[in-house]
Amino acid sequence: MKESIEERIDRLEASGIIDLHFDLPMDLYEKRDRKNLLEAEFLSELDAGNIGAVGVAIYIEDRYLPETALRVALDQIARLYTETAASQRFAICKSYHEIQKAREAGRIGLLITMEGVEPLGTDLDLLRVFYELGVRSIGLTHARSNAVGHGGAFAATGSSPDGLTSFGRDLVRECERLSVIIDLAHINPAGFNEILSITTKPPIVSHTNVRRYYDIERNISDAQIKMIGERRGVIGVNSVLVSPREDESTMDRYIDHIEYIANLIGIDGVGIGFDFFEFIYRQWPESRQKELAAKFTTPHFIPDLRNHAHARNLTRRLIERGFSDRQIMKILRNNWLRIFEELL
Ligand SMILES: [Zn+2]
């Protein structure tokens, strides 16, 4: 009997999709007066989308900088541990083996990541502390500058011409020594080049888009994509910056980004970094949404790819566009797994 498309989706997603960027800790922290938030607000969408593992990013909003950055980061991690301990369906994972084991046990693996190293201040010893707490992937900056370097501009030009500070270089070397994955999402072009010049392991870009379709320095150029490919790294495709135009922010354009990267460096170089944050954005007052638009850009959420429950729509469309089973499984899971197996 011929396999239906829905059966084929089930089979391709059976091992669980890996999404390497989700702003979960910040939401858990802001709602710290509530219990069992993971199960109450996130589990049903994650299950509906067959999500097997998620990179959950410690991120510190401007209003906490600089004094309380460290405390808020620790509190975000504390919330992850408390919430995970209260549920049979989640597990904090620190290694490739633990990610595999979580799936076998029917749990969703949470890989703790950091988006911007503001919590460390200028204290390299704290990197070791966060490592012990489970942080396994670090992006040096968000859009702003900090003690290690500069974020890429949400414009075609205008990022700082400077690379890393000497503290930034020390931090990168220490990440590589500890086997913390170095995430090049958000870093400015000069910092991007410098990180690659002082490291040897495969780099990742957890959530980004190609400049071919959205030409801002926060996204990545063809030359940058090729540099990642040469080092056998993986680029996670972001769902919220696929186009500056709302009418072009579609599932097909999302897949165009996947295809574009695969055409440049091969299918082994592309994965998923959805960056779903509509749930946070919708909680903000209009004034704050306007602030985001003025500072960065107005995010355009893809109608049928707005949250984890929609991941199935992506798999279906990949099939319709002619991607093979092997290619789809690499995009959805196996490329990230290869990085984890090699580095964690
Ligand atoms: Zn980001």
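Up top you'll find the structure we're talking about.
This report concerns the structure included in the present document. Note that the coordinates shown come from a computational prediction; the quantities given were computed from them, not determined experimentally.

Along the protein chain, the regular secondary structure elements total 14 helices and 9 strands. For the protein chain, the C-alpha radius of gyration of 19 Å lies close to 20 Å, the compact-globule estimate for 344 residues. Viewed in the frame of its principal axes, the protein chain has a C-alpha envelope of about 60 × 45 × 45 Å. Split into buried and exposed, the 344 residues of the protein chain put 58% on the buried side.

Coordination of the zinc ion by the protein comes from Glu115 (OE), His186 (NE2) and His207 (NE2), over a distance range of 2.0 to 2.1 Å. For the zinc ion, the donor residues sit on a single chain with the sequence spacing E-x70-H-x20-H. With Glu115 in strand S4 (residues 108-115) and His207 in strand S7 (residues 204-208), this pair connects stretches of sequence that are 92 residues apart. Overall, Glu115 belongs to the buried group, its relative accessible area being 7%.

Along the chain, the position of Ser160 falls in the loop between strand S5 (135-139) and helix H7 (166-178). By relative accessible area, Ser160 is classed as partly exposed at 22%. Along the primary structure Ser160 and Asn188 are separated by 28 residues, whereas in three dimensions their C-alpha atoms are 7.0 Å apart. Those residues in contact with Ser160, other than ones at most four positions away along the chain, are His150, Asn188 and Ala190. Within the structure, Ser160 has its side chain in polar contact with the backbone nitrogen of Asp162 (distance 3.0 Å).

Per the counting criterion, the structure on display carries 12 aromatic pairs. Centroid distance Phe277 to Tyr281: 6.1 Å. Interplanar angle 90°. Geometry classified as edge-to-face. This pair shows no difference in class: Phe277 is buried, exactly as Tyr281 is. Ring geometry for Tyr281 against Phe301: centres 5.4 Å apart, planes inclined by 65°, an arrangement best described as edge-to-face. Of the two residues, Tyr281 is situated in helix H11 (residues 278-281) and Phe301 in the loop between helix H12 (286-295) and helix H13 (311-320); the sequence distance between them amounts to 20 residues. For the pair Tyr281 and Phe301, one class covers both residues: buried. Here the aromatic residues Phe277, Tyr281, Trp284 and Phe301 are joined through ring pairs into a cluster of three or more. Over the ring of Tyr29 we find Arg32; its NZ or CZ atom is 4.0 Å from the centre of that ring.

What follows covers the pairing of strand S2 (residues 51-58). Most of S2 is tucked away: 8 of the 8 residues are buried. As paired elements, strand S1 (residues 17-22) and S2 share 4 bridges and run parallel to each other. The residue bridging Asp19 from the neighbouring strand is Val54, located in S2. Of the pairings in the sheet, the one linking S2 to S4 comprises 6 bridges and is parallel in character. Its bridge partner being in S4, Ala53 is matched across the sheet by Gly109.

Attention shifts here to the state of the cysteines. Throughout this description, disulfide means a covalent bond between two cysteine sulfur atoms. For the coordinates displayed, the defined rule picks out 0 disulfides. No disulfide involves Cys175; its sulfur sits 20 Å from that of Cys93, the nearest cysteine. Relative accessible area serves as the criterion here: at 1%, Cys175 is assigned to the buried category.

About the cut-offs
Residues numbered from 1 in each chain as written. Predicted model: local features only at pLDDT ≥ 70, side-chain atom pairs only at ≥ 80, totals over all residues. Heavy atoms only, no water. Helix = DSSP H or I, 4+ residues; strand = E, 2+ residues; numbered from the N terminus. Rg over C-alpha atoms; globule rule 2.2 N^0.38 Å. Buried < 20%, exposed > 50% of the residue type's maximum accessible area, 1.4 Å probe, protein only. Donors = N, O, S within 2.8 Å, 3.2 Å for Na, K, Ca; no water. Contact = heavy atoms within 4.5 Å. Polar contact = N/O pair within 3.5 Å; in protein donor to acceptor, adjacent residues only side chain to side chain. Phe/Tyr/Trp six-rings, centres within 6.5 Å; stacked < 30°, edge-to-face > 60°. Lys NZ or Arg CZ within 6 Å of the ring centre and 35° of its normal. Pairing = 2+ DSSP bridges. Disulfide = S-S within 2.5 Å.

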